[in-house]
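The residues making up each chain are set out below.
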Amino acid sequence: MVEPRCMNEQERLLERIYTAFNRREIDIVLAAMHPAVDWPNGWEGGRVSGRDEVRSYWTRQWAAVDPTVIPVGFQHGSDGRVSVRVHQTVRDLSGNLLGDEEVVHVYAFEDGLIKAMDIE
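Cut-offs used in this document
- Residues numbered from 1 in each chain as written.
- Predicted model: local features only at pLDDT ≥ 70, side-chain atom pairs only at ≥ 80, totals over all residues.
- Heavy atoms only, no water.
- Helix = DSSP H or I, 4+ residues; strand = E, 2+ residues; numbered from the N terminus.
- Buried < 20%, exposed > 50% of the residue type's maximum accessible area, 1.4 Å probe, protein only.
- Pairing = 2+ DSSP bridges.

A. Just unusual backbone geometry, in detail. Not every positive phi belongs to a glycine, and arginine 24 is a case in point at roughly 65°. Examined against the element boundaries, arginine 24 turns out to sit in the loop between helix 1 (9–22) and helix 2 (26–31). Using a relative accessible area of 25% as the deciding quantity, one classes arginine 24 as partly exposed. We note that aspartate 111 has phi near 55°; this positive angle belongs to a residue other than glycine. Structurally, the position occupied by aspartate 111 is in the loop between strand 5 (97–110) and strand 6 (113–119). Aspartate 111 sits in the exposed class, given a relative accessible area of 71%.

B. Focus on the pairing of strand 1 (residues 33–40). Direction of pairing for strand 1 relative to strand 6: parallel, over a ladder of two bridges. By the bridge assignment, methionine 33 is partnered in strand 6 with isoleucine 114. The pairing of strand 1 with strand 2 (residues 47–49) spans three bridges and is antiparallel. Residue pairing in the sheet places proline 40 in a bridge with arginine 47 of strand 2. The antiparallel pairing of strand 1 with strand 2 creates a hairpin that spans six residues between the two strands, and glycine 45 there sits at a positive phi of about 100°.

See below:
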């Protein structure tokens, strides 16, 4: 979790969706996304578009690996996007560690919903 401080609305939303993602509460995460969300397929490559494609992608991913993503810092860009530094671990379904790293997720918003995400 991010160190306690005054969080804005976008940061609170992102904290909630990371918690829901890690609990596999997919409907909570999808509800925070724009219907035409543009999302990276960081596991298979490419991108997916729309909530249904994100659901399908995550369903396939979770059937093969167990990712956990914990936000550790936020940065706001002058373009309105929010960058989230995350600690990401990936395990196989037997619990063996496959990956442990920090990456940056960059979010764009529209009408209070996540419109796009990129991985840096």
